[in-house]
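Structural description and commentary
One-letter residues, chain by chain:
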Amino acid sequence: MAKVELKGIGKIYDGGVRAVENANITIEDKEFVILVGPSGCGKSTTLRMVAGLEDISEGELYIDGELMNDVPPKDRNIAMVFQNYALYPHMTVYDNMAFGLKIRKVDKAEIDRRVKEAARILDIEKFLERKPKALSGGQRQRVAVGRAIVRNPKVFLFDEPLSNLDAKLRVQMRAEISGLHHRLEATMIYVTHDQVEALTMGDKIVVMKDGKIQQIGSPLYLYNHPINKFVAGFIGSPPMNFISVKIAEKNGRIVADEGSFEIYPTAEQSQALKSYIGKEVYFGIRPEDLTYAPAPAAENNMQMKVSIIEPLGAETHLYLATRTQQIVARTEPSNTFKIGQDVCFIPSMEKGKFFDKETEKNICEQVKPN
């Protein structure tokens, strides 16, 4: 078992600077959990507290039910993969992977078995006698992962391990790390600022901002049920559009008036928005939930002007301008557009979200904080 529990964990640096506040996270055995958020949100600090590389200022950390606050890193039975690989340049790949085991005085035959098995899993057997400088970024990252594997740790920790790789290698390594998780059936905690990595790799996502946990849940749950505007905008690529609208009542119906167009919330949304009549809120709609309408529909016609066209092969991203705002729509490449063209898009209202302008909380859904 390798269950990890953070109970009210906090980190306060000298001068009273608070990096993490009241973090409560439960990572089950064999679970792959992603800590995601913008730079400076406290995700790497949280990971380093689990690793023992940062002292815990508040709260308690448990691994397999054992309190770890004052346990040295070497005794926590964890392995960490760093962003910069942290390989010894004067050692071969084999020696880099074997070094931690030699320090622990593991039997030489057992070291050899573990190193070669990890090299086979990661397809780096032919590089075992090379030095790190003779390897590509992706190969170095595999070596760093291999060094962690040979230790047979209870928990794997990854601190933005793919951020130094090019786009193609990132996609490849994402798949390899996900496959590794399934093969090893290990508990993994992975830090990233890339929401695509979070959505595609994790069993569970922890979204952080300004040292605080915003929401915890499965990737699809967070995508469909964000607790606030920050989570809604951070999860998904391209990010959710936010349109400032004024809530009004016309002919007995709730309407959201943008100024250039009006949209009608669903019955459930309308019920929640009644207390907002006369107030401005944010209407959130994802680019993929906007449908191009060659001819206007009966209602919910978002009339806008094409300002930028981004053809991406399998799809096209359109930047569309109202009188005061700009949004992005994802559309089929078979649809042809011109800069400056007036177009109409219909939002899928059941997938739309409304957020309070002051608290930025999701108005229409009773979403769970965890």
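Structure shown above.
Report on the accompanying structure. Keep in mind the model is a prediction, meaning the values are calculated, not measured.

Glancing now at the pairing of strand S12 (residues 253–257). Pairing geometry for strand S11 (residues 241–250) and S12, over 5 bridges, is antiparallel. Each residue of the ladder has a partner; that of Ala-248, found in S12, is Val-255. Linkage of S11 to S12, two consecutive antiparallel strands, is achieved through a turn of 2 residues, within which Asn-251 is found at a positive phi near 55°.

One finds Ile-34, Met-97, Val-115, Phe-158, Tyr-190 and Val-207 to be the most contacted residues of the largest nonpolar core, which totals 49 residues. Residue contacts for Phe-158: discarding those within four places in its chain leaves Leu-47, Val-81, Val-145, Ile-177, Met-188, Ile-189, Tyr-190 and Val-191.

This part covers the packing of aromatic side chains. Under the definition given, this model contains 10 aromatic pairs. Measuring from ring centre to ring centre gives 5.6 Å for Phe-230 and Phe-234, while their planes differ by 25°; the resulting arrangement is stacked. Of this pair, Phe-230 and Phe-234 both sit in helix H8 (residues 229–234), separated by 4 residues, roughly a single helical turn. When sorted by exposure, Phe-230 lands in the same class as Phe-234, which is buried. Consider the rings of Tyr-292 and Phe-345, whose centres lie 5.6 Å apart with planes at 50°: the pair is tilted. Remark: Phe-345 occurs in strand S19 (residues 342–347) and Tyr-292 occurs in strand S15 (residues 290–292); sequence separation between them is 53 residues. Classification of Tyr-292 as partly exposed rests on a relative accessible area of 24%. Here the aromatic cluster, defined as three or more aromatic residues joined through ring pairs, consists of Phe-32, Phe-156, Phe-158 and Tyr-190. Across the ring face of Tyr-282, the terminal group of Lys-229 is positioned such that the distance to the ring centre comes to 4.7 Å. The cationic tip of Arg-286 hangs over the ring face of Tyr-223; the distance from NZ or CZ to the ring centre is 4.1 Å.

The next subject is the pairing of strand S10 (residues 212–217). Of the strand pairs in this sheet, strand S9 (residues 204–209) and S10 are connected by 5 bridges, and their pairing is antiparallel. Bridge pairing in S10 links Met-208 to Ile-213. Counted along the chain from S9 to the antiparallel partner S10, the turn is 2 residues long, and its residue Asp-210 has a positive phi close to 50°.

Time to look at the sheet that holds S19. The sheet built from 5 strands is open, its strands ordered S15-S19-S16-S17-S18 with antiparallel pairing. Of all strands in the sheet, those with a lone pairing partner are S15 and strand S18 (326–331), marking the two edges. Direction aside, the axes of adjacent strands within the sheet are offset by 50° on average. One ladder, built from 3 bridges, connects S15 with S19; its direction is antiparallel. Residue Tyr-292 lies in a different strand from S19, and its bridge partner there is Phe-345.

Looking now at the pattern of salt bridges. Following the criterion strictly, the structure yields 20 salt bridges and no others. Across the pair Glu-117 and Arg-120 runs a salt bridge, and its minimum N-O distance is 2.7 Å. Pair noted here: Glu-117 and Arg-120 are both in helix H3 (residues 108–122), with a separation of 3 residues, about one helical turn. A relative accessible area of 45% places Arg-120 in the partly exposed class. Between Arg-330 and Glu-288 there is a salt bridge; the shortest N-O distance is 3.6 Å. Placement of Arg-330 in strand S18 and of Glu-288 in the loop between strand S14 (280–285) and S15 is noted, with a sequence separation of 42 residues between them. The network of salt bridges with shared partners includes Lys-11, Arg-48 and Glu-54.

What counts and how
- Residues numbered from 1 in each chain as written.
- Predicted model: local features only at pLDDT ≥ 70, side-chain atom pairs only at ≥ 80, totals over all residues.
- Heavy atoms only, no water.
- Pairing = 2+ DSSP bridges.
- Helix = DSSP H or I, 4+ residues; strand = E, 2+ residues; numbered from the N terminus.
- Core = buried A, V, L, I, M, F, W, Y, C linked by side-chain atoms within 4.5 Å.
- Buried < 20%, exposed > 50% of the residue type's maximum accessible area, 1.4 Å probe, protein only.
- Contact = heavy atoms within 4.5 Å.
- Phe/Tyr/Trp six-rings, centres within 6.5 Å; stacked < 30°, edge-to-face > 60°.
- Lys NZ or Arg CZ within 6 Å of the ring centre and 35° of its normal.
- Axes fitted to C-alpha atoms, helices over the stretch in contact; angles between N-to-C directions.
- Salt bridge = Lys/Arg side-chain N within 4 Å of Asp/Glu carboxyl O.

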